[in-house]
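# Coordinate analysis (summary)
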Amino acid sequence: MGALGDVRKVLALVEKAVANRRAVGDVRRRLRSEPRHPSDHYRIAVYFADGDVNMYQIRQWYKPLQLLSKAWPVVVLSRNPTGARALIDDGSLPVAFVPTVRDLESYISTQDLRIVLYVNQNTRNFQMFRYGHRWHVFINHGESDKMYMTTNQFKAYDYALIAGDAARARLARVLWKYDLDSRTIAIGRPQADHFSGDLPYTPDDRVVVLYAPTWEGDRPSAFYGSIRSHGEDLVRAVLASPDHRLLYRPHPRSGVVDADYGAAHRRIVAAIEAANAADRTAQHVFDDGPDLGWQLAAAEVAVVDISAMVYDRLAAGLPLLVTRPTEPEATVDTGGYLADAEWLDPGTPAQLLAAAERVRTDPDAVARLEHWVRHYFGDTSPGAASARFHDAVARMMLEWDRWHAVTADAPDDQAEEAELDEE
């Protein structure tokens, strides 16, 4: 089995290499047919080194960045061919395909980039950090209490745009000698100001239940996925109720590690199809589209796993239940909202549906929710987070002007060839 496994790994690597080469050619052909980016036009870049599997990390920023680009033009620096192809397909922001360090260096030499935004902690971010005379800013791809949110990698950035008081307290507990006052700026959740999209169903008297589980995880400490432990029973309950509508939005990586987890996901999709075939008025939804937002705003109650979806839902200020992990080694940070969350344990379909109804109607649950919304996101009134985001960028632009004036006579970026791994 060992030799067979090695052969499979080699074949998988070859297949991936061929797919990437094909994607490179496709991206280059498509970009050649588009107008060249004007020189010295872009002031802000979003650095994205990931492939298409992680597009959810940048897609949620499209609308805030489109609004921001009206004041300061924004371009995406894409390092991965499948990611670049997906960005071009989406057509939401201008794309510069820079797969090698030489490509990256050549492109940024044509632009007046003053701020570089990062939505994740890809190791290739380090290849961009070498360029000075601009601010490197971590904006993340969600708010949560996972270990990822307190990584020491925060120190690599000039600034981090954080959600609010909870994020600040979380970083203060973990990071040593990190100047929170000067290097973090609280902006809330700008994405929540753009919760839009066409509903794929006609609203009626049914209570809409959003079930948005995460993937299975790649190690016991991160086994938060609930599709097998909670999901199938919950879905069975909602589909059987004439008073409810299911909106199922799983993590796009569901099943990539555990085939059984993926099989459970497919059973849920099949059950939704069967329920809709049996009753056309039910209009249950399996949603795997690129847009995130309307789902959070449309559902009367949400059931989510420990993931950024907890905090996306908090930003919407609407009732939610968090599935309790069944893996004993799963890490649960109880220093914030999860210490007071409305937890959902595995149970019978009837029990799960009753819990969903309770969190939606119980006054104490509603009051607790309001407290935690303020703690994590501050003012969530329409437009407030977007205004803070724009103010933060304006502040950094003024800081750039000040530092540029001081160092105007100093040489800019090193011109020597980067001695960096370009794999």
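Just so you know, the residues in each chain are numbered from 1, in the order the chain's sequence is written. Whole-chain, interface and lining totals are the exception, using all residues; otherwise, since this is a predicted model, local features are given only for residues with pLDDT of at least 70 and side-chain atom pairs are given and counted only at 80 or more. Side-chain descriptors were evaluated using all non-hydrogen atoms of the structure, hydrogens and water having been removed beforehand.

A tally of regular secondary structure across the protein gives 15 helices and 13 strands. Its C-alpha radius of gyration of 23 Å places the protein within 12% of the 22 Å reference for a compact globule of 423 residues. A principal-axis box enclosing the C-alpha atoms of the protein has dimensions of 70 × 55 × 40 Å. For every accessible area listed, the method is Shrake-Rupley and the probe measures 1.4 Å; residues are considered covered only by the protein chains on display. Surface summary for the protein: the accessible area is close to 20,000 Å², and the carbon and sulfur share equals 52%. Neither His nor the chain ends contribute to the count of charged residues, in which Lys and Arg are positive and Asp and Glu negative. Charge placement uses NZ in Lys and CZ in Arg. For Asp and Glu, CG and CD serve respectively. Distance between charge centres in the protein, computed from 48 positive and 60 negative side chains, equals 3 Å. Numbering of helices and strands runs from the N terminus; a helix is a DSSP stretch of H or I covering at least four residues, while a strand is a stretch of E covering at least two. Atoms considered for the radius of gyration are the C-alpha atoms alone. The globule rule reads 2.2 Å times the number of residues to the power 0.38.

Right, let's get into the nonpolar core. Take the buried residues of types Ala, Val, Leu, Ile, Met, Phe, Trp, Tyr and Cys, join any two whose side-chain atoms come within 4.5 Å, and each joined set is a nonpolar core. For every residue, the accessible area (1.4 Å probe, protein chains only) is compared with the maximum for its type, and the residue is labelled buried under 20%, exposed over 50%, or partly exposed between those bounds. Ranked by internal contacts, the top residues of the largest apolar core, which has 35 residues, are Ile 58, Ile 115, Val 137 and Leu 161. Per-element accounting of this core gives the leading share, 6 residues, to helix H15 (residues 384-406). With sequence-adjacent residues up to four places away left out, Ile 58 is seen in contact with Val 46, Phe 48, Val 76, Leu 87 and Val 119. Grouped together as the second largest cluster of nonpolar side chains are 33 residues, Ala 222, Ala 299, Ile 306 and Val 322 included. Contact criterion: two residues are considered in contact whenever any of their non-hydrogen atoms come within 4.5 Å of each other.

One turn of an α-helix holds 3.6 residues; hence residues three or four places apart share an orientation. Taken residue by residue, helix H7 (residues 165-174) has Ala 166, Ala 167, Arg 170 and Leu 171 as its buried positions. Buried residues of H7, viewed axially, fall in a sector of 130 degrees; they line one side. Here the buried face of H7 lies against strand E6 (159-162), helix H8 (180-183), strand E7 (184-186) and helix H14 (363-377). Starting at the helix axis, one direction is taken to each C-beta atom, and the arc is that of these directions.

Now for the sheet that holds strand E12 (residues 320-323). Taken together, 6 strands build an open sheet; the order of strands is E10-E9-E8-E11-E12-E13 and the sheet is parallel. Each edge of the open sheet carries a strand with a single partner, namely strand E10 (285-286) and strand E13 (343-344). At least two bridges found by DSSP between two strands is the condition for calling them paired. Relative to E13, E12 runs parallel, the two sharing 2 bridges. Paired with Thr 323 across the two strands is Leu 344, which belongs to E13. Working convention: axes come from line fits to C-alpha atoms, limited for helices to the stretch in contact. Angles between N-to-C directions cover 0 to 180 degrees. Seen against the sheet, helix H13 (residues 349-361) touches strand E8 (207-212), strand E9 (244-248), strand E11 (301-304), E12 and E13 and runs at an angle of roughly 140 degrees to E12.

Moving on, we come to the pairing of E6. Burial of the side chains of E6 extends over both faces: Tyr 159 and Leu 161 are buried on one face and Ala 160 and Ile 162 on the other. Pairing geometry for strand E5 (residues 135-138) and E6, over 2 bridges, is parallel. Residue pairing for E6: Phe 138 is matched across the bridge by Ala 160. Relative to E7, E6 runs parallel, the two being bridged by 3 bridges.

Pairing within the open sheet is parallel, and its 7 strands lie in the order E3-E2-E1-E4-E5-E6-E7. Two strands in the sheet have a free side with no partner beyond their single neighbour: strand E3 (95-97) and E7. Here the strands of the sheet are splayed against their neighbours by 25 degrees on average, with no regard to which way each runs. Relative to E5, strand E4 (residues 115-118) runs parallel, the two sharing 4 bridges. Of the residues in E5, the one forming a bridge with Val 116 is His 136. Across the sheet, helix H5 (residues 101-108) lies against strand E1 (44-48), strand E2 (74-78) and E3, angled at about 165 degrees from E2, the strand it touches most.

This part is about the packing of aromatic side chains. Ring pairs are drawn from Phe, Tyr and Trp, using the six-membered ring of Trp, whenever the two centres fall within 6.5 Å, and their geometry is named by plane angle: stacked under 30 degrees, edge-to-face over 60, tilted for the rest. Using the criterion set out here, one finds 14 aromatic pairs in the structure. Among the aromatic side chains, those forming a connected cluster through ring pairs are Tyr 47, Tyr 118, Phe 129, Phe 138, Phe 154 and Tyr 157. Residue placement shows Arg 253 over the ring face of Trp 215; its charged tip is 4.6 Å from the ring centre. Two conditions define a charge sitting above a ring: the NZ of Lys or the CZ of Arg must be within 6 Å of the ring centre, and it must be within 35 degrees of the ring normal.

Let us look at unusual backbone geometry. Glycine aside, a negative phi is what most residues show, and trans is what most peptide bonds show. Backbone geometry at Asn 140 places phi at a positive 65 degrees, although glycine is not the residue there. Mapped onto the secondary structure, Asn 140 falls in the loop between E5 and E6. Even without being a glycine, Lys 177 presents a positive backbone phi close to 55 degrees.

Right, let's get into the pattern of salt bridges. Salt bridge, as used here, is a side-chain nitrogen of Lys or Arg placed within 4 Å of a carboxyl oxygen of Asp or Glu. In this structure the tally under the stated criterion is 24 salt bridges. Of the charged contacts in the structure, one is a salt bridge between Arg 130 and Glu 105, with a shortest N-O distance of 2.8 Å. Of this pair, Arg 130 sits in the loop between helix H6 (126-129) and E5 while Glu 105 sits in helix H5, and the two are 25 residues apart along the sequence. Residue Arg 130 is classed as partly exposed on the basis of its relative accessible area, which comes to 29%. Given a relative accessible area of 22%, Glu 105 falls into the partly exposed group. Of the charged contacts, one joins Asp 233 and Arg 236 as a salt bridge, the two residues approaching to 2.5 Å between their closest N and O atoms. Remark: Arg 236 and Asp 233 occur in helix H9 (residues 227-240); sequence separation between them is 3 residues, near one turn of the helix. In the salt-bridge network here, residues are joined through shared partners; they are Asp 26, Arg 30, Arg 85 and Asp 89.

Turning our eyes to something else, we now look at the packing of H9 against H13. At a minimum axis separation of 8 Å, H9 and H13 run at an interaxial angle of 75 degrees. With respect to H13, the element H9 is oriented roughly perpendicular. Taken together, the residues of H13 that come into contact with H9 (itself represented by His 230, Asp 233, Leu 234, Arg 236, Ala 237 and Val 238) are Pro 349, Leu 352 and Leu 353. Oblique is the label for any angle not covered by the other classes, which are roughly parallel (under 35 degrees), roughly antiparallel (over 145) and roughly perpendicular (65 to 115).

Another aspect to go through is the environment of Pro 213. As for its position among the elements, Pro 213 is in the loop between E8 and H9. Sequence-wise, Pro 213 and Ile 306 are 93 residues apart; in three dimensions their C-alpha atoms are separated by 8.4 Å. The residues contacting Pro 213, other than those within four sequence positions of it, are Ser 226, Ile 227, Tyr 248, Arg 249, Pro 250, His 251, Tyr 261 and Asp 305.

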